[in-house]
Amino acid sequence: MSASDKHDSFRGDVYDLIELEQLVKGPHQVLFEGKSPYQDVLLLETKNIRLYRNDQLVWNSLDERIYHEALVHPAFVLSDQPERVLIIGDECGFALREVLKYSTVCHVSHVSLSPATLVAAKNTPEILEMNERSFFDHRVQIIQSNIYEFLLTEQQPFDVIIANLPEPETNQLSKLYSKEFFKKLSTLLTHCGIMVIQSASPEDTPLVFWSIDKTLQSASLHTLNYHVNSPWFGDCGFHLAGKKVLKWNDEKNPCVENRSLPKNLKKWFTFSQRVRSVQKQAVVLSIRSLNLNSYSEQDPEDTKELRHLLSNPHRVLYEGGTKGDCVKILETNDVRLYLDKQLQFSSLDEQIYHEALVHPALSMVRKRERILIAGGGDGFAIREVLKYRDVKHIDLVDLDPLMIHLAGDLPTVASLNQRALHDKRVSVHQKDIQVFQKEQSVPYDVIIVDLPDPGDEILSRLYTVEFFCKLSNLLTEDGILVCQSHSPEYAPFVYWSIGLSLKGTGMHVKSYHTEVPSFGDWGFHLASKKPIHLPNRKVVVPHQTLPEDLSTLFVFPSHFRSVQENSRMNTLSNLTLHEIYKQELRR
């Protein structure tokens, strides 16, 4: 994650760009902004507020607007002069904030599904500021009864119903996705009214997504489905439903202020062939046969992330609730570095990435006196390597002098990397790694390849069999090379092609991955001249995020491995990795 030697105004994942646009529209501080001969550099600091319910992340301030604007505005585009609105869920008032932007709305009934979250929101000034004090608007009626009592007593219909339902973690919550519940909602919908239901992810759990769609149709409703990617939560699915046939009009777009909506929402209503292929397997979900909760499990990564945040500087804005409905609201400072508008690190979770990059390799070698780091100009990999007392010398090679300056001299970054570049064991070389390796003759015990993603032809050359061969010549006989290799989940062809290119050198390769919240699932490859035996011992230096048994990092779900056989070796005579990279990031 360092510099490219080909300047470009933007490279990499489009969601980095979406995320950056969200940040600069909200409260933030620019810590550094400048240009090197190789890239644009932007360092931002923002307040990151997160709400956890029962240790599961519900939202964070980074991209909640993307989700809530997507939840609300398509329904209002289809609705004809909506006056009465019902909101179910949305205890923090963010969907309510979006609804109140429409001048035609004269009444909103708001029914909470989590009383503890509603109490937390009303008692947290930071959330009241985020929702623009929407709870106190004269058009809003906060309903004190639960949703079932409300449906039995309410008699006036609504033009728009917004159901922001929680994950179906229990049988009680699963009932909210049943045919019976949707029928009750439909009785409160006007003849021309629109209902929107927050759904499962069509990318991650397509069967659940299409089953909810089929269940809505079984309740005599016509549906129109769409999905949106948010940087933090990935692909989020939604269903529009009404008593009349629904058709999206490409010419109509939201006419109110927003931060994240594209000019044309049409692409939201298209799905990949893989997602569509599951549609025929969908089932109707009724109270008697409901098994939706079997698809929904608590995300262990949320719990891991929460523990990591609590072990670092943070402020607790609220903590309370009851057993089974416990709420925590945290505020942290988030320092983010963007190179050519591509996210390089977030201070909230860079440690997860760098511990995974460094410690598996260093825990496996018998000797670790000499270390080479290619890229890694931010100094975080050096910080982790310096935890080993037997390390005697580190060569850091990074092309961009501005990155080296930031890591060594800018107080914010130098504090994060613990002034690693100033350690007497570290030699910093502002140089092309291809030039540097030609000049070296003394081998290294560990080589850490932390270079930028292969986004163009020049960078693609740093992931060829030929380049890896030259690096392997700099390894001791018992040494290990580790290479960051993008995501086996979001760019699997890139990931496995890098692994195959390492194998093309004749080295033995082991692949592993970990979840980094800011980047998603991220992958690495180890390579050595001798067979690599997975460790059954613990990492012996201080760390926060690695599991006790490192072998768990080397286990992949079957759908990650399914594309491995189609990977391609990247060579100078057949330089294709950058094309594969561009294709996968456009998906």
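It should be emphasised that the depicted structure is a prediction, and the values quoted were computed from it without experimental measurement.

Quick notes on the rules
- Counting from 1, residues in each chain are numbered in the order their sequence is written.
- Selection of residues for local features in this predicted model requires a pLDDT of at least 70, selection of side-chain atom pairs for listing and counting requires 80 or more, and totals for whole chains, interfaces and linings are taken over all residues.
- The basis for every side-chain value is the complete set of non-hydrogen atoms in the structure, without hydrogens or water.
- Per the convention used, a helix needs a DSSP run of H or I reaching at least four residues, while a strand needs a run of E reaching at least two, with both numbered from the N terminus.
- Radius of gyration: C-alpha atoms only; globule rule: 2.2 Å multiplied by the number of residues to the exponent 0.38.
- Only protein chains enter the calculation, and the probe is 1.4 Å; a residue is then buried if its accessible area is under 20% of its type maximum, exposed if over 50%, and partly exposed in between.
- Note on contacts: a residue pair qualifies if any of its non-hydrogen atoms lie within 4.5 Å across the two residues.
- Counting rule applied: Lys, Arg positive; Asp, Glu negative; His and chain ends not counted.
- One atom stands in for each charge, and that atom is NZ of Lys, CZ of Arg, CG of Asp or CD of Glu.
- Should a side-chain nitrogen of Lys or Arg be within 4 Å of a carboxyl oxygen of Asp or Glu, the pair is scored as a salt bridge.
- Only strands joined by at least two bridges in the DSSP assignment are considered to pair.
- Between the N-to-C directions of two axes lies an angle of 0 to 180 degrees, each axis being a line fitted to C-alpha atoms and, for a helix, fitted only over the stretch in contact.
- Take the buried residues of types Ala, Val, Leu, Ile, Met, Phe, Trp, Tyr and Cys, join any two whose side-chain atoms come within 4.5 Å, and each joined set is a nonpolar core.
- Note on ring pairs: Phe, Tyr and Trp rings are taken, using the six-membered ring of Trp, and paired if centres are within 6.5 Å. Classes follow the plane angle, with under 30 degrees stacked, over 60 edge-to-face and the rest tilted.
- Lysine NZ or arginine CZ positioned within 6 Å of the ring centre and within 35 degrees of the ring normal marks a charge as sitting over the ring.
- pLDDT is a residue-level measure of predictor confidence that goes from 0 to 100.

Q: What's the story with the overall build of the chain in this structure? I'm lost.
A: Across its full length, the chain carries 21 helices and 20 strands. Its C-alpha atoms give the chain a radius of gyration of 26 Å, within 12% of the compact-globule value 25 Å for 587 residues. Counting only C-alpha atoms and orienting by the principal axes, one finds that the chain spans roughly 85 × 45 × 45 Å. Counting the 587 residues in the chain, one finds 60% classified as buried. Summarising the internal contacts of the chain: among those between residues at least 6 apart in sequence, 74% fall at separations of at least 24. One finds the centroid of the 64 positive side-chain charges in the chain at a distance of 3 Å from the centroid of its 75 negative side-chain charges.

Q: Explanation requested: the environment of E45 in the structure shown.
A: Inspection of the secondary structure assignment puts E45 in strand β2 (residues 40–53). What E45 contacts, discounting residues up to four positions off in sequence, is H28, Q29, L31, N333, D334 and V335.

Q: Any chance you could explain the pattern of salt bridges here in plain terms?
A: Where side chains of opposite charge bring their charged atoms close, a pairing between them can arise. Tallied over the full model, the rule gives 28 salt bridges. Across the salt bridge formed by D325 and R53, the nearest N and O atoms sit 2.7 Å from each other. Of this pair, D325 sits in strand β12 (residues 325–339) while R53 sits in strand β2, placing them 272 residues apart in sequence. Of the residues examined, D325 reaches a relative accessible area of 10% and is grouped as buried. Look at R53 and you get buried, because its relative accessible area is 17%. Ionic contacts of the salt-bridge type, sharing partners, join the residues E64, R65, R97, E98, K101 and E132 into one network.

Q: Would you mind going over the sheet that holds strand β6 (residues 140–143) with me for this structure?
A: Whether parallel or antiparallel, the strands of a sheet pair through hydrogen bonds between backbone atoms. In spatial order, the strands read β6-β5-β4-β7-β8-β10-β9; together these seven strands make up an open sheet with mixed pairing. Taken across any chain shown, the strands that pair with only one partner, and hence form the sheet edges, are β6 and β9 (222–230). Each adjacent strand pair in this sheet contributes to an overall mean axis angle of 15°, direction not counted. Two elements, strand β7 (residues 158–164) and strand β8 (residues 189–198), share five bridges in a ladder whose sense is parallel. Residue pairing in the sheet places F158 in a bridge with L189 of β8.

Q: Help me understand the environment of A75 in this model?
A: When you line up the elements, A75 lands in helix α2 (residues 64–78). The exposure class assigned to A75 is buried, which follows from its relative accessible area of 0%. When the C-alpha positions of A75 and I194 are compared, they lie 6.1 Å apart, and in sequence the two are 119 residues distant. Every residue in contact with A75, bar those within four places of it in the chain, is listed here: V160, I194, V196 and L240.

Q: Got a minute to help me understand the nonpolar core in this structure?
A: Most often, soluble globular proteins keep nonpolar side chains buried together rather than apart. Judged by nonpolar contacts, the single largest core of 68 residues is most densely connected at I373, I382, V385, I394, I448 and L526. Here the element with the most residues in this core is helix α12 (residues 350–364); it accounts for eight residues. Beyond its immediate chain neighbours, meaning those up to four positions away, I448 contacts L357, V358, L362, I371, L372, I373, A374, V385 and V482. Counting 53 residues, the second largest nonpolar core, distinct from the first, contains L96, A120, I142 and L246.

Q: For this particular structure, what's the right way to read the sheet that holds strand β17 (residues 444–450)?
A: Ordered in space as β16-β15-β14-β17-β18-β20-β19, the seven strands form an open sheet in which the pairing is mixed. Of all the strands in the sheet, the pair left with one neighbour each is β16 (426–430) and β19 (508–516). Along the sheet, successive strands turn relative to each other by an average axial angle of 15°, direction set aside. Pairing between strand β14 (residues 370–375) and β17: five bridges, direction parallel. Each bridged residue has a counterpart across the sheet, and for I371 the counterpart in β17 is V446.

Q: Before we go on, may I ask you to explain unusual backbone geometry in this structure?
A: Backbone geometry follows two general trends: most residues other than glycine have a negative phi, and most peptide bonds adopt the trans configuration. Its identity is not glycine, yet K341 carries a phi of approximately 65°, on the positive side. Structurally, K341 is set in the loop between β12 and β13 (342–346). Of note, the phi angle at R419 is positive, near 55°, even though the residue is not glycine. Relative to the elements of secondary structure, R419 occurs in the loop between α15 (411–416) and β16.

Q: Which parts of the structure should I look at to understand the side chain of D90?
A: One can find D90 in the loop between β4 (84–89) and α3 (94–99). Among buried Asp, Glu, Lys and Arg side chains, D90 stands out as unpaired, with R97 the closest opposite charge at 7.8 Å. Residues within four places of D90 in sequence aside, it is in contact with H68, A95, L96, H110 and N164.

Q: For this particular structure, what's the right way to read the packing of aromatic side chains?
A: Two aromatic rings, taken as a pair, are described by how far apart their centres are and by the angle between their planes. Under the criterion given, the structure shown has 23 aromatic pairs. Between the aromatic rings of Y353 and F524, the centroid separation amounts to 5.5 Å while the plane-to-plane angle is 45°, which identifies the pairing as tilted. Residue Y353 is located in helix α12, and its partner F524 is located in strand β20 (residues 520–528); the two are separated by 171 residues in the primary sequence. Of the two residues examined, Y353 and F524, each falls in the buried class. Judged by centre distance (4.8 Å) and plane angle (75°), the rings of Y495 and W496 are edge-to-face. Through pairs of rings, three or more aromatic residues link up here, namely Y67, Y226, F238, W248, W268 and F269. If you follow R84 out to its NZ or CZ, it ends over the ring of F158, 4.4 Å from the centre.

Q: What should I look at first to understand the confidence of the model for the chain in this one?
A: The predicted coordinates ought not to be read in detail in places where the model reports low pLDDT. Confidence along the chain averages 92 in pLDDT terms, with 94% of residues attaining 70 or more. Here residues 1–8 is modelled with pLDDT under 50, and outside its nearest four sequence neighbours on either side it reaches 44 contacts, counting other chains as well.

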